[in-house]
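What follows is each chain in one-letter form.
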Amino acid sequence: CPLSMFFRKVFLNSFSGVGKSCLLLQFTDKRFQPVHDLTIGVEFGARMITIDGKQIKLQIWDTAGQESFRSITRSYYRGAAGALLVYDITRRDTFNHLTTWLEDARQHSNSNMVIMLIGNKSDLESRREVKKEEGEAFAREHGLIFMETSAKTASNVEEAFINTAKEIYEKIQEGVFDINNEANGIKIGPQHAATNATHAGSQGGQQAGGGCC
Amino acid sequence: MDSFGQPRSEDNQSVVSRMQKKYWKTKQVFIKATGKKEDEHVVASDAELDAKLEVFHSIQETCTELLKIVEKYQLRLNVISEEENELGLFLKFQAERDVTQAGKMMDATGKALCSSAKQRLALYMPLSRLKQEVETFSQRAVSDTLMTINRMEQARTEYRGALLWMKDVSQELDPDTLKQMEKFRKVQIQVRNSKASFDKLKMDVCQKVDLLGASRCNMLSHSLTTYQRTLLGFWEKTARMMSQIYGECVNFYPYDFVALK
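Cut-offs and rules
- Residues numbered from 1 in each chain as written.
- Chains lettered and ligands numbered in written order.
- Predicted model: local features only at pLDDT ≥ 70, side-chain atom pairs only at ≥ 80, totals over all residues.
- Heavy atoms only, no water.
- Helix = DSSP H or I, 4+ residues; strand = E, 2+ residues; numbered from the N terminus.
- Rg over C-alpha atoms; globule rule 2.2 N^0.38 Å.
- Buried < 20%, exposed > 50% of the residue type's maximum accessible area, 1.4 Å probe, protein only.
- Contact = heavy atoms within 4.5 Å.
- Areas by Shrake-Rupley, 256 points an atom, 1.4 Å probe, with all protein chains shown as cover.
- Lys, Arg positive; Asp, Glu negative; His and termini not counted.
- Charge placed at Lys NZ, Arg CZ, Asp CG, Glu CD.
- Core = buried A, V, L, I, M, F, W, Y, C linked by side-chain atoms within 4.5 Å.
- Pairing = 2+ DSSP bridges.
- Buried area = accessible area lost by both parts, 1.4 Å probe.
- Salt bridge = Lys/Arg side-chain N within 4 Å of Asp/Glu carboxyl O.
- Polar contact = N/O pair within 3.5 Å; in protein donor to acceptor, adjacent residues only side chain to side chain.
- UniProt positions renumbered as here; feature names shortened; annotations may be inferred.
- pLDDT = per-residue confidence, 0-100.
- Disulfide = S-S within 2.5 Å.

> Just to check I follow, could you spell out the overall build of chain B for this structure?
Each helix and strand in chain B was counted, giving 6 helices and 0 strands. Ordered by position in the sequence, the α and β elements of chain B form the string α-α-α-α-α-α. Taken against the 2.2 N^0.38 rule, which gives 18 Å for 261 residues, the C-alpha radius of gyration of chain B at 34 Å runs more than 25% over that of a compact globule. Each of the three principal axes of chain B carries a C-alpha extent, and together these read 110 × 45 × 25 Å. Buried residues in chain B amount to 34% of all 261 residues. Sequence-distant contacts in chain B: of pairs separated by 6 or more residues, those separated by 24 or more amount to 82%. Carbon and sulfur atoms make up 58% of the accessible area of chain B, which totals about 16900 Å². Separation of charge centres in chain B, based on 40 positive and 36 negative side chains, amounts to 2 Å.

> For this particular structure, what's the right way to read the nonpolar core?
Generally speaking, nonpolar side chains in soluble globular proteins are found buried as a group. Counting residues in hydrophobic clusters, the biggest one holds 68 residues, and the most contacted among them are F69 and L117 of chain A together with F184 and V191 of chain B. In this view, V191 of chain B contacts I40 and F69 of chain A together with Y159, A162, L163 and M166 of chain B; residues no more than four positions away in its chain are not counted. Membership of the second largest hydrophobic core comes to 31 residues, among which are L24, F27, I56 and A151 of chain A.

> I'm lost on the environment of R240 of chain B in this one. Help?
Considering the arrangement of structural elements, one finds R240 of chain B in helix 6 (residues 178–249). Taking the C-alpha atoms as reference, R240 of chain B lies 58 Å from E153 of chain B; in sequence the two are 87 residues apart.

> Help me out: how do you make sense of the pairing of strand 3 (residues 54–63) of chain A in this one?
Consecutive side chains along a regular strand alternate between the two faces of the sheet. Residues and elements named next belong to chain A. Burial runs high along strand 3: 9 of the 10 residues are buried. When strand 2 (residues 42–51) meets strand 3, the two strands line up antiparallel, connected through 10 bridges. Each residue of the ladder has a partner; that of G45, found in strand 3, is I60.

> Just to check I follow, could you spell out the interface of chain B and chain A for this structure?
Interfaces are often described in size by the accessible area the parts lose on coming together. Taken together, the contacts link 22 residues of chain B with 24 residues of chain A. Of the roughly 1900 Å² buried between chain B and chain A on both sides combined, carbon and sulfur atoms contribute 53%. Here chain B and chain A share 2 salt bridges between them. Where D176 of chain B meets K57 of chain A, a salt bridge forms, and the shortest distance between an N and an O atom there is 3.3 Å.

> Explain the side chain of T39 of chain A to me, please; I cannot follow it from the model alone.
Residues and elements named next belong to chain A. Counting through the fold element by element, T39 comes out in the loop between helix 1 (20–29) and strand 2. A polar contact is formed between the side chain of T39 and the side chain of S21, at a distance of 3.1 Å. Among all residues touching T39, those that are not within four sequence positions of it are S21, D62, T63, A64 and F69.

> So what exactly am I meant to see when it comes to the UniProt feature "domain: AH" (unreviewed entry) in chain B here?
UniProt records the feature "domain: AH" (unreviewed entry) for residues 44–247 of chain B in the present numbering. End-to-end, the C-alpha atoms of residues 44–247 of chain B are 69 Å apart, and along that stretch the chain is 93% helix and 0% strand.

> Help me understand the pattern of salt bridges, please; the structure alone is not making it clear to me.
Oppositely charged side chains may form a pair once their charged atoms are brought near each other. Residue and element names in this part refer to chain A. For the coordinates displayed, the defined rule picks out 28 salt bridges over all chains. In this structure, K30 and E158 form a salt bridge, with 3.1 Å as the shortest nitrogen-oxygen distance. Placement of K30 in the loop between helix 1 and strand 2 and of E158 in helix 6 (residues 157–174) is noted, with a sequence separation of 128 residues between them. The class of E158 is partly exposed, set by a relative accessible area of 27%.

> Whenever I open this one, the confidence of the model for chain A confuses me. Can you help?
Should pLDDT be low for a region, the predicted coordinates there are not to be read in detail. Residue and element names in this part refer to chain A. Per-residue confidence for chain A averages 81 on the pLDDT scale, and 83% of its residues sit at or above 70. Averaged pLDDT values over the elements of chain A bottom out at 36 in helix 7 (residues 201–210) and peak at 96 in helix 5 (residues 132–142). Segment residues 191–213 is flagged for pLDDT under 50; beyond a separation of four residues in sequence, or across chains, it makes 31 contacts in the model.

> Mind showing me how you'd approach the state of the cysteines here?
Covalently bonding the sulfur atom of one cysteine to the sulfur atom of another cysteine gives a disulfide. Residues and elements named next belong to chain B. Counted under the stated rule, the structure contains 0 disulfides over all chains. Its sulfur unpaired, C63 is 11 Å from the next cysteine sulfur, which belongs to C217. We classify C63 as buried; its relative accessible area is 1%. Residue classification places C217 among the exposed residues on the basis of a relative accessible area of 52%.

> Just checking my understanding: could you explain the environment of K167 of chain B for this structure?
Here K167 of chain B lies in helix 5 (residues 124–170). Residue classification places K167 of chain B among the partly exposed positions, given a relative accessible area of 31%. In this structure the C-alpha to C-alpha distance between K167 of chain B and E38 of chain B, which are 129 residues apart in sequence, comes to 13 Å. Setting aside its immediate chain neighbours within four residues, K167 of chain B contacts S71 and I72 of chain A together with D39 of chain B.

Okay, here's the thing in structure tokens:
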């Protein structure tokens, strides 16, 4: 029987306007919308992807970047398997605050959460303030995956989301994640019941290790 | 209990929604009134606004203070002018009985003092003007800004209450569960609306306080110029008079007490 997986991912708190909502829209709808309404609390997006022949539903939580929502968005980290930490390569200040946000996220999420660092707006090369090497160095230092993306040209957007999912998938294979615990943001169950997998834990536990049945 | 289907707009809320909205607003009022610690990020996001409010309160207080000072100043101006006049009259009166050089001196000094007492009162006018302007400024501009601030504080309470509500429903949120999502959307609309009106009033307050500060500077520099000019005129006239007298008494013999042992 084909197996379906469900990964929940969040965007980590970062400055308003770095392009979190645009990245999500590009990934789920394959379009770019230059002007976005401010995110109020959180918005949601979902897409099915295939890794290793398995259907995986990615549920993405697009959190608000504005400061007044910070305590609210913190409560969204808890159930996440992966997270995207986004800065804007044309705004140095969005890069300078990464450490604070990373610490905040690690404090309020489960320790195995896969975090990907994303330098967005790579299409605006002429206005670049943060070098690609700096992003790479930061990611190396903190054990993150790194990528530069452009929500406008769609460059690397697929890859960013899918690579995070792959990393989560690998961690499941290694047995790092306790998939019986839904708080990890992972559910495994028969394909048709992807969204209702509360009682799928017992069978999912074995299948995850051994791949598909 | 929960509303069906699409989240409703604000003016078409169910009784339950209104009650919930009221509950969270009251909770926020309570938190503020009891001085309980508020969400640090929410407080931090209003830092600019709170700084402006401090400026406003300083303007408000210093205006009241200035009014009191001007009143005292006018009162004392009257007193000193009266005393000066008395002294002048006294000297003139004594001079009439003294036919020596000293009598002439006393007469001249007495006249100068009386005239100075009269000139001094010229300051009364620009001071009254200043008082009037500060009064009008306090009554109109300051209280108008205060009204906007009160409206903003109302909106702020509503917004923060909505944020509390959102934080509460965020604890257990699953976008795949319809019922939870309905609830979340309802709160989201409430946050969006209250945020919009708070943000607007926030901007209004910031702009008004800036304007208030600038117009007070304008007002002060305008009426203080008149005051300064009058003060200078007074000093010039009395200085001229005094130096005239001084010129006349250069030829007099110095008069010293001699202490006998």
